[in-house]
Amino acid sequence: MNVLAISFPFPPMALPRSIQVARLLSGLGSAVTLICAETDAIKLDSTIYPDAEREIEKLVRVKFTAQLLGKQFGRVLYRLSRKRWNERYRNPDQYRSWSTPVLETVTGLLEIEKPRFDCIVTFGQPFTCHMIGLELKRRLNLPWVAYFSDPWIENQFNEYDPHARELNLRSESLVLQQADMVLMNSRETIDLVFSKYPVELKDKARVLPHAFDEELFKEVSSPASGRLLIRHIGEFYGPRTPYPVLRALLHGRKVDSTRYEDVTFEFIGPYDLGPELDEILSNPLLPDVRFGGRISYLESLAAMGQSDGLLLIDAPSEQSVFLPSKLIDYIGSGKPICGITPPGTANSLIREIGGLAADPMDIESIEKVLADFVDQVRERKHSADRLPWGRPDVRSRFARAAVQSQFSRYLVECVRSSGREVEPDAV
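Here's a quick rundown of the structure. Please read all numbers here as calculations on a predicted model, not as lab measurements.

**Some details on the environment of Val175**
Here's step 1: Secondary-structure assignment places Val175 in helix α6 (residues 162–178).
Here's step 2: By relative accessible area, which is 0% here, Val175 ends up buried.

**Things to note about the sheet that holds strand β7 (residues 205–207)**
Here's step 1: Taken together, the seven strands give an open sheet; going across it, the order is β3-β2-β1-β4-β5-β6-β7, and neighbouring strands pair in parallel fashion. Of all strands in the sheet, those bounded by a partner on one side alone are β3 (58–63) and β7. On average, each strand axis in the sheet is tilted by 20° relative to the strand beside it, whichever way the strands run.
Here's step 2: Relative to strand β2 (residues 31–38), strand β1 (residues 2–7) runs parallel, the two sharing five bridges. Its bridge partner lying in β2, Leu4 is registered against Thr33.

**Notes on the pairing of strand β5 (residues 144–148)**
Here's step 1: Burial within β5 is extensive, with five of its five residues counted as buried.
Here's step 2: Burial along β5 is two-sided: the residues Trp144, Ala146 and Phe148 and Val145 and Tyr147 are all buried.
Here's step 3: Pairing of strand β4 (residues 119–124) with β5 involves five bridges; the strand directions are parallel. Bridging from a neighbouring strand, Ile120 pairs with Trp144 of β5.
Here's step 4: Running through helix α5 (residues 128–140), the crossover from β4 to the neighbouring parallel element β5 is right-handed.

**Thoughts on the nonpolar core**
Here's step 1: Residues Phe10, Leu25, Leu34, Phe123, Leu327, Phe407 and Leu411 are the most contacted members of the largest nonpolar core, which totals 60 residues.
Here's step 2: Sorting elements by how many residues they give to this core places helix α15 (residues 400–417) first, with seven residues.
Here's step 3: In contact with Phe10, other than residues within four places in its own chain, are Ser18, Val21, Ala22, Leu34, Cys36, Ala52, Glu53, Ile56, Leu59 and Arg61.
Here's step 4: Counting 43 residues, the second-largest nonpolar core is a separate cluster that includes Leu4, Val60, Phe64 and Ile132.

**Comments concerning unusual backbone geometry**
Here's step 1: Residue Pro12 is bonded to the preceding Pro11 through a cis peptide linkage, with omega at 15°.
Here's step 2: Between Gln125 and the following residue, Pro126, the backbone shows a cis peptide bond with an omega angle of -10°.
Here's step 3: Within the secondary structure, Pro126 sits in the loop between β4 and α5.
Here's step 4: Its identity as a non-glycine residue notwithstanding, Asn141 has a phi of 55°, on the positive side.
Here's step 5: In this structure, Asn141 sits in the loop between α5 and β5.
Here's step 6: Of note in this structure, Tyr260 is not a glycine but carries a positive phi near 70°.
Here's step 7: Counting through the fold element by element, Tyr260 comes out in the loop between α8 (243–255) and β9 (263–268).

What counts, and where the lines are drawn
Residues numbered from 1 in each chain as written. Predicted model: local features only at pLDDT ≥ 70, side-chain atom pairs only at ≥ 80, totals over all residues. Heavy atoms only, no water. Helix = DSSP H or I, 4+ residues; strand = E, 2+ residues; numbered from the N terminus. Buried < 20%, exposed > 50% of the residue type's maximum accessible area, 1.4 Å probe, protein only. Pairing = 2+ DSSP bridges. Axes fitted to C-alpha atoms, helices over the stretch in contact; angles between N-to-C directions. Right-handed = clockwise from strand over helix to strand, strands pointing away. Core = buried A, V, L, I, M, F, W, Y, C linked by side-chain atoms within 4.5 Å. Contact = heavy atoms within 4.5 Å.

Next up, the structure:
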């Protein structure tokens, strides 16, 4: 099967979506032509699947440049007309200008090499990729699979004003109507996104979760020190902060000064949390808490594997449909997991695999869950159990081979439902 894939991020871009796309497309077993971005606007990480490019039949990088003049113009336009600014930079996003060179690149490929594609796959975010898919669907009349790593309209981190929401709702509606199949990483995301559309539109939606790569977790061990090492790995920004955990730790020590005396809590990843963090860290009652900066992707996996336990911290909300790719890597590491995450997808998965979870808005619950988690981690560290932590049947659902195989079956289903033939070895 010949697949035309559009994804802005791909290794070595230091984005979680680069990892997701590489895991799905590299070594898929189909002839993949991938159009991705080349840009200096995003940090690079050479440890993210360095062999991914060699495992794709044809990879074409299309330049995206965020020019200084464009940024200055954007600031002026934002002050003069928020409506015009939305149309230029949030319709659907700041990568909109990438559409034209990508469409020109595809046109050139078709004219020169004349490939016969069986289907189109677009990966969002950015949602510009889906708008490219919408135009390719119109031009090529091929089956189209649209993969969503996160919700579009319902994503709280997008912070749309009413006009930007209207623009993006119109675009999302067109994509969901025209795509032949829509992939999202949880049933809860599908239910939320499609709740505002006619019920029959939901029939084209399928669940495809993130995956972990077992090959990257070969060196998993417990720290040699007698102290427990519990880590959170990932960036803090916006409403996602470590404060609920730090406040719970402080209160726990006020109740029992010996609690956590054998535990180090380490937060690894970029953070810009202001003076409030300095104030909390200076409190003598706080247990041993350390903050470190950005590390490479492979270093982050090693840090997971060399921990005694792992913390997931999400932004507070009433309900969350997000399934962080970091949580799936946590599962791959085989280490105990505690989630400070709202009711919803991640919270349910952590409990299903055998972990503990608490709502980030409930400090009392966080305090109890952290104490219970430390007790569990301590017991495991001092036992002879060296098997990967977590229910094996749950872990296996997120292994790369299982998820990639499901993705391949979805592509075949989409192509066949359009009335096209698929070679037997593509099933």
